[in-house]
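So the chains spell out like this:
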Amino acid sequence: MDDSWANRGDESGSGNGGWSVDLHLDTTGTGARSGVRKSLTDALREAVRGGRLAPGTRLPSSRTLAVDLGVARNTVADAYADLVAEGWLTARQGSGTRVAEREVPRPVAPARPQRTGGAPLYNLMAGTPDLASFPRAEWLKAARRALAAAPDDVLGYEDPRGRVELRTALASYLARARGVHADPDRIVVVPGFAHGLTLLGELLHARGLRSVAVESYGLDLHWERLTRAGLRTVPLAFDELGTRTDGLADHRAVLMTPAHQFPMGVPLHPDRRAAAVDWARRADGLILEDDYDGEFRYDRQPVGALQGLDPDRVVYLGTASKSLAPGLRLAWMVLPAELALEVAELKYAAGAASSSLDQVTLAEFMESGAYDRHVRASRLRYRRRRDQLVDALAGRAPEVRVSGIAAGLHAVVRLPPGSEQAVVRAAHWQRLALQGVSRFRHPLAGGPLEDALVVGYGTPPDHAWEAALAALRRALP
């Protein structure tokens, strides 16, 4: 037969600058040319009918597909011609052979159960920054500079501790901005705070510990990570000065947020900071310091990292999830020298790592000054939102009290006794995602229950901030 139509497809889809898709076909024909042709035709037809080849997909040239399948080129050309005649394929000069544009039946997914109340339109959940403010242009510039300057081994398997470029940049930044005593060899980069906490839990369990002291309020995700490592979490008492340290005597490890307790927003009192470090020295204990939002301070001098008081008794944990974005999957631990290698080995055994390219990009982003500029701009924006939140609540519900606002990306809105759950339900009807403080209380925590909301004013993008604030006002008593 005349396969001029196939030749036209060859010219546009072969090695003369064209392209074609890799195509897997199950052909089970006989050795005879007619049997192979029928098998190939049936396989192509079924691929189109079943949706594996979408409408408009460009097929390999007859020459290319013949080589891939180990059959004669005319066999492929004949199969293509049959399917063109049937309307499954089209062949045009300069366009090659493509799947015809036609309706292809798709499997119907089972209907999902209807949700009551509707999905949230507004989000005031704590724990996430304004993702729309991510500095895309500056990050892209840093990525280009970092990739151009990076050695070839950046594309290989990394040091379990993380890229030395990032560890060096972090050591400099943390010493300057957070008062952390850091050496690149004592830093381990991990794909998220929770992963780092898992490694530390495994380390403590391997050293014979069976429990870890935690704060009365925090994230159940963190407690669960420690529990999975074989450790029991025991909450410490909490008051207006922060977490009480007089309960540490029965423990050898504690997880704390001393600079800005999450979610209550109270910095650990200086006397208790000193008491925690004294306990660690006496008891051969270890403090796991979660410095989740250390960059964001508004009405007071920054509270330095607890790690600066004793680098050999405190593991400092930081993250880019609040200052930049959680999707980067970049966090870090500054460890006592004797633990750094052991934690790096645990990380290697776990097989988890952050992208090396993202690591060198963040290193360049920090060293160029772009990180500091972004944090300063974010600090101004979040402080403005915090002030707007306080003003809005004062005008709508003067009986509520806002606390924990000197730092961070969230505020605690104290409510009249017994009203927390009613307000959370009212927020749901306003299609506002919001959590009460009881959501963050440890199941074994003692002391009186408080009624309050944890309002994340950093989460909404700018265009949604006013609407989210209005929904909150409507939900309040």
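Above this note sits the structure.
Being a predicted model, the structure only gives us computed values, none of them experimental.

A. Region of interest: the packing of helix α11 (residues 356-367) against helix α12 (residues 370-396). At a minimum axis separation of 4 Å, α11 and α12 run at an interaxial angle of 75 degrees. In terms of orientation, α11 and α12 fall into the roughly perpendicular class. On α12, the residues touching Leu-362, Phe-365 and Met-366 of α11 are Ala-370, Tyr-371 and Asp-372. By residue class, the composition of the contact of α11 with α12 is 5 nonpolar, no polar and 1 charged.

B. Representation of the sheet that holds strand β16 (residues 435-436) in the model. The 4 strands are arranged β13-β14-β17-β16 in an open sheet whose pairing can be described as antiparallel. Single-partner strands in this sheet number two, and they are β13 (401-403) and β16. Note that β16 and strand β17 (residues 452-456) share 2 bridges and pair antiparallel. When the sheet's bridge partners are listed, Gln-435 is paired in β17 with Val-454.

C. The nonpolar core, seen in detail. Counting residues in hydrophobic clusters, the biggest one holds 28 residues, and the most contacted among them are Leu-170, Leu-174, Leu-324, Trp-332, Leu-362, Phe-365 and Tyr-371. Breaking this core down by element, the ones donating at least two residues are α5 (136-149), α6 (164-178), β4 (187-190), β12 (331-334), α11 and α12. Leave out the neighbours within four places in its chain, and Leu-174 touches Gly-179, Val-180, Tyr-316, Trp-332 and Val-334.

D. Spotlight on the packing of aromatic side chains. If you walk through the whole model with that rule in mind, you get 8 aromatic pairs. Plain terms: the ring middles of Tyr-217 and Phe-238 are 6.0 Å apart, the flat faces sit at 75 degrees to each other, and that makes the pair edge-to-face. Within this pair, whereas Tyr-217 is found in the loop between β5 (211-215) and α8 (220-228), its partner Phe-238 is found in strand β7 (residues 238-239), the two being separated by 21 residues in sequence. What makes Tyr-217 buried here is its relative accessible area of 5%. Both rings, one in Phe-296 and one in Tyr-382, keep their centres 5.5 Å apart while their planes meet at 80 degrees; by these two values the pair is edge-to-face. Residue Phe-296 is found in the loop between β10 (286-290) and β11 (314-319), and its partner Tyr-382 is found in helix α12; the two are separated by 86 residues along the sequence.

E. Expanded view of the pairing of β17. Summarising burial for β17: 5 of the 5 residues are buried, a large majority. Side chains Ala-452, Val-454 and Gly-456 project from β17 onto one buried face, and the interleaved Leu-453 and Val-455 project onto a second face that is buried too. Note that strand β14 (residues 410-414) and β17 share 5 bridges and pair antiparallel. Bridge assignment links His-410 to a residue of β17, and that residue is Gly-456.

F. Structural detail: helix α7 (residues 193-206). With 14 residues, α7 extends 20 Å from end C-alpha to end C-alpha; this agrees with the ideal 20 Å at 1.5 Å per step. Most of α7 is tucked away: 11 of the 14 residues are buried. Residues of α7 that are buried: Phe-193, Ala-194, His-195, Gly-196, Leu-197, Thr-198, Leu-199, Leu-200, Gly-201, Leu-203 and Leu-204. Immediately downstream of α7, the backbone of Gly-208 shows phi near 95 degrees, a positive value.

G. Molecular detail of the environment of Ala-126. Counting through the fold element by element, Ala-126 comes out in the loop between β3 (122-123) and α5. A relative accessible area of 17% places Ala-126 in the buried class. Taking the C-alpha atoms as reference points, Ala-126 and Leu-23, separated by 103 residues in sequence, lie 47 Å from one another. Not counting residues within four places of it along the chain, the set of residues in contact with Ala-126 comprises Phe-262, His-410, Val-454 and Gly-456.

H. Just the pattern of salt bridges, in detail. Summed over all chains, the structure comprises 31 salt bridges. Arg-178 is the partner of Asp-291 in a salt bridge, and the nearest nitrogen-oxygen pair spans 2.8 Å. Taken together, the positions of Asp-291 in the loop between β10 and β11 and Arg-178 in helix α6 put the pair 113 residues apart, joining distant regions of the chain. Residue Asp-291 is classed as buried on the basis of its relative accessible area, which comes to 5%. Across the salt bridge formed by Asp-278 and Arg-281, the nearest N and O atoms sit 3.8 Å from each other. In this pair, Asp-278 and Arg-281 both sit in helix α9 (residues 270-283), 3 residues apart, roughly one turn of the helix. Under the relative-accessibility criterion, Asp-278 is labelled partly exposed at 34%.

I. Focus on the side chain of Asp-372. Assignment of secondary structure puts Asp-372 in helix α12. We classify Asp-372 as buried; its relative accessible area is 17%. Beyond its immediate stretch of four places on either side in the chain, Asp-372 contacts Tyr-173, Arg-176 and Met-366.

J. Representation of the packing of α7 against helix α10 (residues 337-350) in the model. Direction vectors running N to C along α7 and α10 enclose 110 degrees, while the axes themselves pass 10 Å from each other. Classed by the angle they form, the pair α7 and α10 counts as roughly perpendicular. Considering the relative orientation of α7 and α10, their crossing is right-handed. Residue-level inspection shows His-195, Leu-199, Leu-200, Glu-202 and Leu-203 of α7 in contact with α10, the latter providing Leu-339, Glu-342, Val-343, Leu-346, Lys-347 and Ala-350. Residues that form the contact of α7 with α10 fall into these classes: 7 nonpolar, 1 polar and 3 charged.

K. Geometry of the environment of Met-125. Considering the arrangement of structural elements, one finds Met-125 in the loop between β3 and α5. Taking the C-alpha atoms as reference points, Met-125 and Thr-459, separated by 334 residues in sequence, lie 6.8 Å from one another.

L. Region of the structure containing unusual backbone geometry. In the segment running from Phe-262 into Pro-263, the intervening peptide bond is cis, with an omega of 5 degrees. Non-glycine residue Arg-431 carries a positive phi angle of around 60 degrees. Structurally, Arg-431 can be placed in the loop between α13 (420-429) and β15 (432-433).

M. Representation of the side chain of Ser-356 within the structure. Its place among the elements puts Ser-356 in helix α11. A relative accessible area of 10% places Ser-356 in the buried class. One polar contact links Ser-356 to Glu-158, side chain to side chain, over a distance of 3.4 Å. Sequence-distant contacts of Ser-356, defined by excluding residues within four places in its chain, comprise Val-154, Gly-156, Glu-158 and Arg-163.

Calculation criteria
- Residues numbered from 1 in each chain as written.
- Predicted model: local features only at pLDDT ≥ 70, side-chain atom pairs only at ≥ 80, totals over all residues.
- Heavy atoms only, no water.
- Axes fitted to C-alpha atoms, helices over the stretch in contact; angles between N-to-C directions.
- Helix = DSSP H or I, 4+ residues; strand = E, 2+ residues; numbered from the N terminus.
- Parallel < 35°, antiparallel > 145°, perpendicular 65-115°, else oblique.
- Contact = heavy atoms within 4.5 Å.
- Nonpolar A, V, L, I, M, F, W, Y, C, P; charged D, E, K, R; others polar.
- Pairing = 2+ DSSP bridges.
- Core = buried A, V, L, I, M, F, W, Y, C linked by side-chain atoms within 4.5 Å.
- Buried < 20%, exposed > 50% of the residue type's maximum accessible area, 1.4 Å probe, protein only.
- Phe/Tyr/Trp six-rings, centres within 6.5 Å; stacked < 30°, edge-to-face > 60°.
- Expected span 1.5 Å × (residues − 1).
- Salt bridge = Lys/Arg side-chain N within 4 Å of Asp/Glu carboxyl O.
- Left-handed = near helix turned anticlockwise from the far one by under 90°.
- Polar contact = N/O pair within 3.5 Å; in protein donor to acceptor, adjacent residues only side chain to side chain.

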